[in-house]
2 protein chains.
Amino acid sequence: MRRTKQRQAILNQLLSSDGPLSVNEVHERASSELSGLGMATVYRTIKALKDEGVISVVELPGEDPRYESAELGHHHHFRCLSCEQTFDLGACPVGIPRGTTLPGGYTVEDHSLTLYGRCAACPAN
Amino acid sequence: MRRTKQRQAILNQLLSSDGPLSVNEVHERASSELSGLGMATVYRTIKALKDEGVISVVELPGEDPRYESAELGHHHHFRCLSCEQTFDLGACPVGIPRGTTLPGGYTVEDHSLTLYGRCAACPAN
DNA sequence: GTAGATGCAAACGCTTTGCCGCTTA
DNA sequence: TAAGCGGCAAAGCGTTTGCATCTAC
């Protein structure tokens with residue numbers, strides 16, 4: 001994979017963010033670093049980075065897919081209802097180990113949790 | 001709202017399912033009850049039922065929106081990785097009350113949890 | 001009889017693809 | 001200098017809308 005200024009800008013944004021970014025967010029932020037950046041390039045580059053395993057997809061309920069470094073392990077996300085930014089969280093508060101069987105015969109292999117509320121920068125009202 | 005056979009069929013499917021249904025799933029199932037049912041009708045009817053508060057939207061990560069009876073209270077969903085059906089779950093295993101503040105200053109108001117695995121009807125391999 | 005509902009097809013918005021000139025190694 | 005990459009514009013695809021016809025009330 002070639003090292004171009006477009007890819008540099010896109011990867012910069014993805015790796016320096018404190019939460020996963022959508023295609024639009026990447027485009028906005030990377031454009032301010034490199035104006036004229038095309039949308040198609042962002043789509044193609046994100047796809048390539050994903051295929052190479054550099055970034056991974058974060059799917060949140062009702063949101064466009066977001067992308068973040070693939071280095072991060074199992075973690076969940078917090079979405080601020082005020083500023084609509086999405087942040088990474090550390091701890092996992094879900095006490096359901098792999099292999100647990102729930103009433104109804106559902107065997108759990110994985111889970112996805114998203115928390116909603118207000119981030120530190122957004123006042124309570 | 002008028003009582004037509006199309007709406008009857010659509011509502012039937014939504015209320016009798018044991019999990020939320022996507023627009024496509026509603027269309028498939030309702031079509032078998034009433035062939036010739038148009039996609040636009042399904043979209044329009046679902047929108048109307050939602051606006052009236054009869055059904056509510058269920059957004060799962062990476063999935064098209066699904067719809068289910070609005071009567072159901074706070075609950076979560078289980079997605080079978082084998083048959084790709086989505087089921088309602090009863091208990092909520094997330095021990096984070098509203099108002100909890102997490103490290104980083106995130107104040108939690110709500111959450112969304114989806115479990116993945118195998119349903120009772122799908123053998124382990 | 002009439003307002004509202006349906007089905008078809010066109011419009012729409014976002015993502016992907018084709019093409020060709022430009023750039024990196 | 002040659003394969004890869006970027007930008008533009010066209011193609012795709014799922015959802016929404018306009019319109020004429022039909023139907024529940």
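Quantities reported herein were computed from a predicted structural model and do not represent experimental measurements.

Q: Just checking my understanding: could you explain the packing of aromatic side chains for this structure?
A: Within a pair of aromatic rings, the relevant descriptors are the distance that separates the centres and the angle that separates the planes. Under the defined criterion, the tally for this structure stands at four aromatic pairs over all chains. The interplanar angle of 40° and the centroid separation of 5.3 Å between the aromatic rings of Phe87(A) and Tyr106(B) together place this pair among those described as tilted. Highlighted residues: Phe87(A) in strand β5 (residues 86–88) and Tyr106(B) in strand β7 (residues 106–118), drawn from two different chains. Each member of the pair Phe87(A) and Tyr106(B) is classed as buried. When the ring of Tyr106(A) is compared with that of Phe78(B), the centres are 4.7 Å apart and the planes differ by 40°; the resulting orientation is tilted. Of this pair, Tyr106(A) sits in strand β7 (residues 106–118) while Phe78(B) sits in strand β4 (residues 77–80), on two different chains. A single burial state applies to Tyr106(A) and to Phe78(B), both of which are buried. These aromatic residues form a ring-pair network of at least three members: Phe78(A), Phe87(A) and Tyr106(B).

Q: Mind showing me how you'd approach the pattern of salt bridges here?
A: Two side chains that carry opposite charge are able to pair once their charged atoms sit near each other. All names here are of chain A. Taken as a whole and judged by the stated rule, the model has 10 salt bridges over all chains. Linking Arg 66 and Glu 63 is a salt bridge whose minimum nitrogen-to-oxygen distance equals 3.5 Å. Taking the shortest distance from any N to any O, the salt bridge between Arg 79 and Glu 63 comes out at 3.2 Å. Within this pair, whereas Arg 79 is found in strand β4 (residues 77–80), its partner Glu 63 is found in the loop between β2 (55–58) and β3 (66–69), the two being separated by 16 residues in sequence. Among the residues examined, Arg 79 registers a relative accessible area of 8% and is labelled buried. The class for Glu 63 is partly exposed, based on a relative accessible area of 27%. Through salt bridges with shared partners, a single ionic network connects Glu 25, Glu 63, Arg 66 and Arg 79.

Q: It is not clear to me how the interface of chain A and chain B should be interpreted in this structure. Could you clarify?
A: A common way to report how large an interface is uses the accessible area buried once the components associate. Counting residues at the interface gives 29 residues for chain A, matched by 29 residues for chain B. For the pair chain A and chain B, the summed buried surface comes to about 2400 Å²; carbon and sulfur atoms form 66% of the total. On the chain A side of the interface with chain B, the three residues burying the most area are Tyr106(A), Ser112(A) and Tyr116(A), jointly 22% of the side's total. At the boundary of chain A and chain B, one finds two salt bridges. At the junction of chain A and chain B, the tally comes to 10 residue pairs in polar contact (both at pLDDT 80 or more). Per element, the largest residue contribution to the side of chain A that touches chain B is 13 residues, and it comes from β7(A). Per-class residue counts for the side of chain A that touches chain B are 17 nonpolar, eight polar and four charged. Both β7(A) and β7(B) contribute to a ladder of 11 bridges, which runs antiparallel.

Q: What's the story with the protein's contact with DNA strand C in this structure? I'm lost.
A: Of all residues adjacent to DNA strand C, which total 16 residues, the nearest are Tyr43(A), Arg2(B), Arg7(B), Thr41(B) and Arg44(B). Close to the protein, within 4 Å, the atoms of DNA strand C are drawn from sugar and phosphate at a rate of 65%. One nitrogen or oxygen atom from the side chain of Arg2(A) is found 2.9 Å from a base oxygen belonging to DNA strand C. One nitrogen or oxygen atom from the main chain of Gly36(B) is found 3.4 Å from a phosphate oxygen belonging to DNA strand C. Among the secondary structure elements, those contributing two or more residues to the surface near DNA strand C are α3 (39–51) of chain A together with α1 (5–16) and α3 (39–51) of chain B. Taken together, the residues of the surface near DNA strand C break down into five nonpolar, five polar and six charged.

Calculation notes
Residues numbered from 1 in each chain as written. Chains lettered and ligands numbered in written order. Predicted model: local features only at pLDDT ≥ 70, side-chain atom pairs only at ≥ 80, totals over all residues. Heavy atoms only, no water. Phe/Tyr/Trp six-rings, centres within 6.5 Å; stacked < 30°, edge-to-face > 60°. Helix = DSSP H or I, 4+ residues; strand = E, 2+ residues; numbered from the N terminus. Buried < 20%, exposed > 50% of the residue type's maximum accessible area, 1.4 Å probe, protein only. Salt bridge = Lys/Arg side-chain N within 4 Å of Asp/Glu carboxyl O. Contact = heavy atoms within 4.5 Å. Buried area = accessible area lost by both parts, 1.4 Å probe. Polar contact = N/O pair within 3.5 Å; in protein donor to acceptor, adjacent residues only side chain to side chain. Nonpolar A, V, L, I, M, F, W, Y, C, P; charged D, E, K, R; others polar. Pairing = 2+ DSSP bridges. Near = heavy atom within 4 Å.

Honestly, it's all geometry; don't read function into it.
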